[in-house]
Amino acid sequence: MEKNTTASVSKEKISLTINGTEQQLEVEVWTTLLDLLREHLQLTGTKKGCDQGQCGACTILLDGNRINSCLSLAVMHDGSEITTIEGLAQGDELHPVQQAFIDHDAFQCGYCTPGQICSTIGLIKEGKAKTVDDIRDLMSGNICRCGAYSNIVKVVQEALERSQQA
Amino acid sequence: MRPFTYTRAKDVAAAVTDIRANSEARFIAGGTNLLDLMKIDVMKPRHLVDITRLALDTIEETDEGGLRLGALVTNADTAYHEQVEKRYPLLSHAILAGATAQLRNKATDAGNLLQRTRCYYFYDTDTACNKREPGTGCSAISGYNRNHAILGHSEHCIATHPSDMAVGLAALDARILVTGPQGERMLPISDLHRLPGNTPEKDTNLGENEIITAIELPPQGFAQHFTYLKNRDRASYAFALVSVAAGLEIEGGVIREARIALGGVAHKPWRRPEAEAMLRGKKASRENFQPVADAYVQGAKGFEHNTFKIELARRSIVRALMTAAKIEE
């Protein structure tokens, strides 16, 4: 072993701002953001589907960008801001994208929906989707096994149009 | 996931020191491939060196008129970077042809190049795989091998490299900047990945404790005449069966320079500079593209489920060159 190396740790203290509240946490270094949210903080709105980054059910916003929380170690995001499905509504008023999912009946079982909603918000922020084909391509990281895709695309289209008017 | 220890490196020198000081250590940045493989026990590092705090997250101009992509710039930030979109649209298209928006927001440029194969047997720890467990054999050769290699494979491994970005970079003749215990070095992207031969467990020619710090793009970006054509089993979020990155420099209908790199067909992006040279000084036309396509797949050998890829590659090359040359028939 060489001298002057950084001390290796298996537990670490981190600070995360989750849905607007800064939290001091101690995590085992192998804890994913998804497990931290669900198992440690009881924020179970973010879902574990495949746990391999393929289904998108675990999508959250990390510093405003949509990512797969299952493929992220909590310890690596010390200092970051996280928004989950629980952090979108303002009191009783739903986020417009949440409301649009209800209005367009864009889900059946609802398991993928929190990920779909966070992904939609990320897509709008990125500002790269111009056509329906773009939407389909840029939402392909979110699988819906009930097959509610056609209404999900309508929601994203509407949300995009609204964001362009704003 | 198996427990491991963790350090967060503050600069490149500390990262190299940390990786040497810990046995069975790995660098981690985006983590989108490594964590996936750790969860299913395909990769079992005992220590992770977090490199996300290194100052390698910018895209800068180079003195020769190209761009230097920091190793930690995300795939999304690279693909959507104004100068990349304008001067290297081939690279933007290649990156956006891979993965999903969520993965591209997290995956880094160097990590993209170092991702592991998606051979089904590499992922399945119940089967033999020389890449995962050297000496156990290759299950793919006599198994289901639809997404496997048709070029450059060996009797020990027929895996393909899954990156689209690497194929785009191969066509652009990108250079890889590396730092290791012996200092810095630069290698052409064509030397980064290797063919499997007798040691398929090695994906690249990087030294054990070396770290990629940047990717350099030479000035020529083929922004006028390019295409990235990706054939796959789904319209989005699927690995390439055959992909083609093509860049042409055309003056007065005559080709001055041609670059063609294939993805999904080998253990590395597939270039044949001698075949590209056949186009120099020629008119851009289907008649001139066909022999180049034939030369690219010369010596190709398929297996039970992927022999179709030889003809698919041949036709894809012609189609990609026609698109790049803007020839409509």
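Structure: see above.
Residues numbered from 1 in each chain as written. Chains lettered and ligands numbered in written order. Predicted model: local features only at pLDDT ≥ 70, side-chain atom pairs only at ≥ 80, totals over all residues. Heavy atoms only, no water.

## Things to note about the interface of chain A and chain B
The interface of chain A with chain B comprises 39 residues on the first partner and 37 residues on the second. Summing both sides of the interface, chain A and chain B together bury roughly 3,200 Å²; the carbon and sulfur share of this comes to 54%. When residues of chain A are sorted by the area they lose upon contact with chain B, W30, L71 and M76 of chain A head the list and together hold 22% of the total. Note that E12 of chain A and R8 of chain B form a salt bridge whose closest N and O atoms lie 3.4 Å from each other. At the junction of chain A and chain B, the tally comes to 16 residue pairs in polar contact (both at pLDDT 80 or more). Of all the secondary-structure elements, those providing two or more residues to the side of chain A that touches chain B are strand 3 (59-62), strand 4 (65-68), helix 3 (113-126) and helix 4 (132-138) of chain A. Counting residues per element, the side of chain A that touches chain B draws most heavily on strand 4 of chain A, at 4 residues. For the side of chain A that touches chain B, the residue count by class is 13 nonpolar, 18 polar and 8 charged. (Contact = heavy atoms within 4.5 Å. Buried area = accessible area lost by both parts, 1.4 Å probe. Salt bridge = Lys/Arg side-chain N within 4 Å of Asp/Glu carboxyl O. Polar contact = N/O pair within 3.5 Å; in protein donor to acceptor, adjacent residues only side chain to side chain. Helix = DSSP H or I, 4+ residues; strand = E, 2+ residues; numbered from the N terminus. Nonpolar A, V, L, I, M, F, W, Y, C, P; charged D, E, K, R; others polar.)

## A closer look at the sheet that holds strand 1 (residues 11-18) of chain A
Residues and elements named next belong to chain A. If you walk across this open sheet you meet the 5 strands as 2-1-5-3-4, and the pairing is mixed. What marks the edges here is a single partner per strand, and that holds for strand 2 (21-28) and strand 4. Each adjacent strand pair in this sheet contributes to an overall mean axis angle of 40°, direction not counted. Inspection of the sheet shows strand 3 paired to strand 5 (residues 81-83) by 2 bridges, in the antiparallel sense. Counted as the bridge partner of L61 is T83 from strand 5. Contacting strand 3 and strand 4, helix 3 crosses the sheet at an angle of about 40° to strand 3. (Pairing = 2+ DSSP bridges. Axes fitted to C-alpha atoms, helices over the stretch in contact; angles between N-to-C directions.)

## Overview of the environment of D18 of chain B
All names here are of chain B. You can see D18 is positioned in helix 1 (residues 12-21). For D18, a relative accessible area of 1% gives the class buried. Considering only alpha carbons, one finds D18 and H161, 143 residues apart in sequence, at a separation of 28 Å. (Buried < 20%, exposed > 50% of the residue type's maximum accessible area, 1.4 Å probe, protein only.)

## Quick notes on helix 1 (residues 33-40) of chain A
Every α-helix carries 3.6 residues per turn, so stepping three or four residues along brings you back to the same face. Residue and element names in this part refer to chain A. Every buried residue of helix 1 is listed here: L33, L34, L36, L37 and R38. If you follow the buried residues of helix 1, they end up packed against strand 1, strand 2, strand 3, strand 4 and strand 5. Positive backbone phi, approximately 55°, marks Q42, located one or two places after helix 1.

## Notes on the state of the cysteines
Residues and elements named next belong to chain A. Counted under the stated rule, the structure contains 0 disulfides over all chains. You can see C109 has no disulfide; the closest cysteine sulfur is in C146, sitting 3.7 Å from it. Using a relative accessible area of 59% as the deciding quantity, one classes C109 as exposed. (Disulfide = S-S within 2.5 Å.)

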